Structures are given as structure tokens and as C-alpha cells.
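What follows is the residue order along each chain.
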Amino acid sequence: MAALGWLTPRRRSATARSVLAGEASAEAARKTAQAGAPQAPGTEDVPESGPGGAPGAAAEAAPGTAAPEAAEPQFPVPGDALAAAFFDLDNTVMQGAAIFHFGRGLYKREFFRRRELARFAWQQAWFRLAGVEDPEHMQDARDSALSIVKGHKVSELMAIGEEIYDEYMAERIWPGTRALAQAHLDAGQKVWLVTAAPVETATIIARRLGLTGALGTVAESVDGIYTGRLVGEPLHGPAKAEAVRALAAAEGFDLERCAAYSDSHNDIPMLSLVGHPYAINPDTKLRKHARAHDWRLRDYRTGRKAVKVGVPAAAGVGAIAGGAAAAVALHRRRK
């Protein structure tokens, strides 16, 4: 995508940067969806399988979900062209974080060294334990991640992303959420992923699942080469809401007729935009908010996995530690 300039937290407000990030993501998503790029060999759509149920399992049949009310009106509404669905990715559509799996794939391909891996792990662990998004610390973490792809071709990362999807992501799709997305598609509606993961990674996942497209974090590129800077900020929290708002305006959607799905309280701004918000595998804060506002809830995890929602710091550090151990093992294997 063409360069739109580098904006630091000190030059513009967070709200302005959120709007910029959202608009850039919506623009990239529409261009990609309209282009309709053909699939690369060996990247056909994956079946609805993975953790959480059998292939093609109906969403209502997942563990921990209540039976639908008899008087409940049909949803999604077939043929409603003004409605669309927006799905968060991490722990909503896919088990785990897309950027973590992408990082594993890049490490395997020697994009960065073990010392850098340790730094990324520490930054993530600090954020999880502190529970606060300190601007300077988050900026440092983003700069570290962006330095990995700086100077690489966008096409190169896209090709690698296809391989990484098959290696680490394909078997982690929640069948329950996949069935919800398919219901919207079957009703003739467009379905978009909305994630803080790179828009290129998100686009690959959306296409492999047969969805319309994806809204994700846009990294600046010039002549197809990554500059190591972002357009605005990561598509997180309010920025996701801005992306959905911008896309809805461009596509002519009526947000009151749209649906949104997420597991995180960070996505409450996005969920609050639509007329049909759903909490999927919700964290503690989102579950509380959803119940207070009478939002629908769906949980596709086993009881043991659901318990982890109450201890995000421990779960986060555990995931990082596991990833670091796996990466070190790969490092040793290469010697």
C-alpha cells in the first residue's frame, strides 16, 4: 500500500491515529476484496475442522451454549444486503493469536535471532503482567516487531504467510465460530475479519475460510517494500471500531442491522457499534459487560480452557514461555 506517512503518539492524538488506522485498514480491505486475487496452488479453503467440535458442527451445538429460544426471530436475516458481520480473529475465530503463530513461522525461516525472540517474549510478558498499555513501552514493542519485516517485499511475506497458515493456523479454527460466519454467508451477507494482526495475514486467513475480506493493521510500504513503519497505529480497541465504521460507510451497511463477534473487552467499542453484538469465548470483563447489556454469549472452549480467562497474565506468560521454548528447540535443531 502506498505510504501515508509516519505518525508518532506525540504528533497526533490517539483518537486521530485510531481514525487513520481504521480508514487505512478499510481502504486496504476493500481493495483486496475487489481484486479477488486467485488462490495460490495448494491453498484451497480448509474444511470446518479443528478444536472445539466436528467438521461443520452447528454453532448452537457447542459445549456451554444455551438452546435458542423458541420465539427468537431468524438471524441472520436472509437477503439483507444492508447487513454484514464482523469477526475478531484471535480466540474468536482461531485458537490463540495469529501474530504469535506468524512469529513462529518467521523464526523458523530465520527472519530474526534468538536474542530478538527473548526481547519480544519479555515485552509481551511485561504487558500481560502490568495490564496497562504504556504508550512508550508499546511503541518500543511495535518498533521491534516492525524491524523484522523492514526491507522485505510485501509479496514475499504474503507467500510465507500462506505456508504459515497451513503449518500453524489451519487446525486452530473454532468450528462453532466458523459456523456462525457461514450462516451469514449463506444468508447472502458479507463477512469480514477485524484484527490487530497484519492486514496481509488477516487477508490470507479470511480467503482461506471463504470470507469476504479482512480489516487488519496496515504496515507502510513503498513500491512493495515494507518501510518498518505503521499507518497510524495497530488496529486495536477504538481503531477496530473506526475501521468497521469506515468500511460500513463505504459499503453502505446499516450498522444497526450488522453483527459483531469478539472474545475481548478491548473490542467493546466495535461490539457497541452494531445492533447484534456477540461475546464469543469471552474474557471476564466482556462476559460481565455482555450480561449487563443483554448481549448474546457463545463459548466454544472446554471447561478447562475457559477457566484460563480468569487469569490472563498467567495464561499469556505461559503461551510466551511455550513459544520461546519451541523456538529455542528449532534453533538448536538448525545447528
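Residues numbered from 1 in each chain as written. Predicted model: local features only at pLDDT ≥ 70, side-chain atom pairs only at ≥ 80, totals over all residues. Heavy atoms only, no water.

S.K.: Explanation requested: the side chain of Thr201 in the structure shown.
M.R.: For Thr201, the position within the fold is in helix α7 (residues 199-208). Note on Thr201: relative accessible area 7%, which makes it buried. Setting aside anything within four residues of it in sequence, one finds Thr201 in contact with Phe102 and Met169. (Helix = DSSP H or I, 4+ residues; strand = E, 2+ residues; numbered from the N terminus. Buried < 20%, exposed > 50% of the residue type's maximum accessible area, 1.4 Å probe, protein only. Contact = heavy atoms within 4.5 Å.)

S.K.: Help me understand the nonpolar core in this model?
M.R.: Core analysis: the biggest nonpolar cluster contains 44 residues, and Phe87, Leu106, Tyr165, Met169, Leu193, Ile205 and Tyr261 have the highest contact counts within it. Sequence-distant contacts of Phe87, that is, excluding residues within four places in its chain, are made with Val93, Thr177, Leu180, Ala181, His184, Val191, Trp192, Leu193, Val194 and Tyr261. Within the second largest apolar cluster, 28 residues are counted, among which are Trp192, Ala239, Phe253 and Leu273. (Core = buried A, V, L, I, M, F, W, Y, C linked by side-chain atoms within 4.5 Å.)

S.K.: Honestly, the environment of Gly188 in this entry has me stumped. Any pointers?
M.R.: Along the chain, the position of Gly188 falls in the loop between α6 (175-186) and β2 (190-198). Residue class for Gly188 comes out exposed when judged on its relative accessible area of 58%.

S.K.: Where do I start with the environment of Lys108 in this structure?
M.R.: Examined against the element boundaries, Lys108 turns out to sit in helix α2 (residues 98-108). Sequence spacing of Lys108 and Ile164 is 56 residues, and the spatial spacing of their C-alpha atoms is 9.9 Å.

S.K.: I'm lost on the sheet that holds strand β8 (residues 296-298) in this one. Help?
M.R.: To summarise the sheet geometry, strands pair through backbone hydrogen bonds and adopt either a parallel or an antiparallel arrangement. Pairing is parallel in the open sheet, where six strands are placed in the order β3-β2-β1-β6-β7-β8. This sheet does not close on itself; its edge strands, each paired only once, are β3 (213-217) and β8. Within this sheet the neighbouring strands show an average axis-to-axis angle of 20°, counted without direction. As defined by bridge partners, strand β1 (residues 84-88) adjoins strand β6 (residues 259-262) across three bridges and the pair is classed as parallel. Directly across from Phe86, in β6, lies its bridge partner Ala260. Contacts from α7 reach β2 and β3 within the one sheet, and its direction differs from that of β2 by about 145°. On the sheet, helix α8 (residues 238-251) packs against β1, β2 and β3 and is oriented at approximately 145° with respect to β2. (Pairing = 2+ DSSP bridges. Axes fitted to C-alpha atoms, helices over the stretch in contact; angles between N-to-C directions.)

S.K.: Could you clarify how one ought to interpret the packing of aromatic side chains in this entry?
M.R.: Two descriptors summarise a pair of aromatic rings, namely the distance from one centre to the other and the angle between the planes of the rings. By the definition in use, this model includes four aromatic pairs. Residues Phe86 and Phe253 carry aromatic rings whose centres are separated by 6.5 Å and whose planes lie at 70° to one another, so their mutual orientation is edge-to-face. Of this pair, Phe86 sits in strand β1 while Phe253 sits in the loop between α8 and β6, placing them 167 residues apart in sequence. Residues Phe87 and Tyr261 carry aromatic rings whose centres are separated by 4.1 Å and whose planes lie at 5° to one another, so their mutual orientation is stacked. (Phe/Tyr/Trp six-rings, centres within 6.5 Å; stacked < 30°, edge-to-face > 60°.)

S.K.: Can you walk me through the pattern of salt bridges in this structure?
M.R.: A pair can form between side chains of opposite charge whenever their charged atoms are brought close. Taken as a whole, this structure holds 17 salt bridges when the rule is applied. Here Asp166 and Arg208 are joined by a salt bridge, their closest N and O atoms 2.5 Å apart. One end of the pair, Asp166, is in helix α5 (residues 154-169); the other, Arg208, is in helix α7, and 42 residues separate them in sequence. Overall, Asp166 belongs to the partly exposed group, its relative accessible area being 39%. A relative accessible area of 1% places Arg208 in the buried class. One salt bridge connects Lys190 with Glu251, and the closest N-O pair in it is separated by 2.9 Å. Of the two residues, Lys190 is situated in strand β2 and Glu251 in helix α8; the sequence distance between them amounts to 61 residues. One continuous salt-bridge network, built from bridges that share partners, spans Lys108, Arg109, Glu163 and Glu167. (Salt bridge = Lys/Arg side-chain N within 4 Å of Asp/Glu carboxyl O.)

So yeah, pure geometry; function would need other evidence.
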